[in-house]
Amino acid sequence: MLFKEVLYLIQKDLVLEWRQKYAFNGMILYVSSTVFVCYLSFGLRSNVLTVPVWNAVLWIILLFTSVNAIAKSFMQENRGRLLYFYSIVSPQGVILAKIVYNALLMLILALICFVFYAFVLGNPVQDVPMFLLTIFLGAIGFSTSLTMISGIASKAANSSTLMAVLSFPVIVPMLLMLIKMSKNALDGLDRSTSLDELLTLLAINMIVITVSYILFPYLWRS
């Protein structure tokens, strides 16, 4: 039953996104314009864009992209639609569907950002599969953490500001591990050196999903 609810809600979000193409297209425009501004700032100065700077700027772009993309998870839902969902689906189905949908959205945006970023500013990555795995974990981590925070922030009047404040202490530790793990992939180090960060990121993602599954029903009732 829960699986069918999640599939139905994911399908609903996909249909809404397909009808409102301006949302996804707006995020693509945001990513491309940000990368182009970085090219104008760094690309014309060959000695400025070192590998650590390349890595840090990419994750900053992905972070702000994820915040802008996932912030609308619950904020775009009107009260009537939420009341309708309250009567036909479980809160666990709602939060799991939002997490899966946002994870898919972030994976697409992250891959597009990486390809365009590497094309414009060069690709110094030596271990591409490991770097793509890092991007995958980052997209999943951002989506799981920010989805629950978006649900909490949507209950407040100034939801955008509240989401930025609540997400900062959650995202920063994850972002530091992602930067370290991707730096290892950039330098082509042995993959065993990133094992600790990999296991930690997997554990954080599982903990956040579990906590969201347990606590979201209390938020949903309010």
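- The protein chain carries the name Heme exporter protein CcmB in an unreviewed UniProt entry, which gives Pontibacter cellulosilyticus as its organism.
- Looking at the Sequence similarities (unreviewed entry) heading of the UniProt record, one finds this comment for the protein chain: "Belongs to the CcmB/CycW/HelB family."
- UniProt annotates the protein chain under Subcellular location (unreviewed entry) with the comment "Membrane".

1. What to know about the overall build of the protein chain
In step 1: What the protein chain contains, in helices and strands, is 9 helices and 0 strands.
In step 2: For the protein chain, the sequential pattern of α-helices and β-strands runs α-α-α-α-α-α-α-α-α.
In step 3: Its C-alpha radius of gyration of 18 Å places the protein chain within 12% of the 17 Å reference for a compact globule of 222 residues.
In step 4: The dimensions of the protein chain, computed from C-alpha atoms along their principal axes, are 60 × 35 × 30 Å.

2. Structural notes on the pattern of salt bridges
Two side chains bearing opposite charge may form a pair once their charged atoms approach each other closely.
In step 1: Scanning all chains against the criterion turns up 5 salt bridges.
In step 2: Linking Asp 13 and Lys 98 is a salt bridge whose minimum nitrogen-to-oxygen distance equals 3.7 Å. Taken together, the positions of Asp 13 in helix 1 (residues 2-19) and Lys 98 in helix 6 (residues 91-121) put the pair 85 residues apart, joining distant regions of the chain. Each member of the pair, Asp 13 as well as Lys 98, carries the same accessibility label: buried.
In step 3: For Arg 191, the salt bridge goes to Asp 127, with nearest N and O atoms at 3.0 Å. Taken together, the positions of Arg 191 in the loop between helix 8 (159-187) and helix 9 (195-221) and Asp 127 in the loop between helix 6 and helix 7 (128-153) put the pair 64 residues apart, joining distant regions of the chain.
In step 4: Each of Lys 12, Asp 13 and Lys 98 takes part in salt bridges that share partners, so that together they form one network.

3. Here's the deal with helix 7
In step 1: Here helix 7 contains 26 residues, and its C-alpha end-to-end distance of 36 Å stays within 8% of the 38 Å for a straight helix at 1.5 Å per residue.
In step 2: Here helix 7 lies mainly inside the structure; 20 of its 26 residues are buried.

Cut-offs used in this document
Residues numbered from 1 in each chain as written. Predicted model: local features only at pLDDT ≥ 70, side-chain atom pairs only at ≥ 80, totals over all residues. Heavy atoms only, no water. UniProt positions renumbered as here; feature names shortened; annotations may be inferred. Helix = DSSP H or I, 4+ residues; strand = E, 2+ residues; numbered from the N terminus. Rg over C-alpha atoms; globule rule 2.2 N^0.38 Å. Salt bridge = Lys/Arg side-chain N within 4 Å of Asp/Glu carboxyl O. Buried < 20%, exposed > 50% of the residue type's maximum accessible area, 1.4 Å probe, protein only. Expected span 1.5 Å × (residues − 1).

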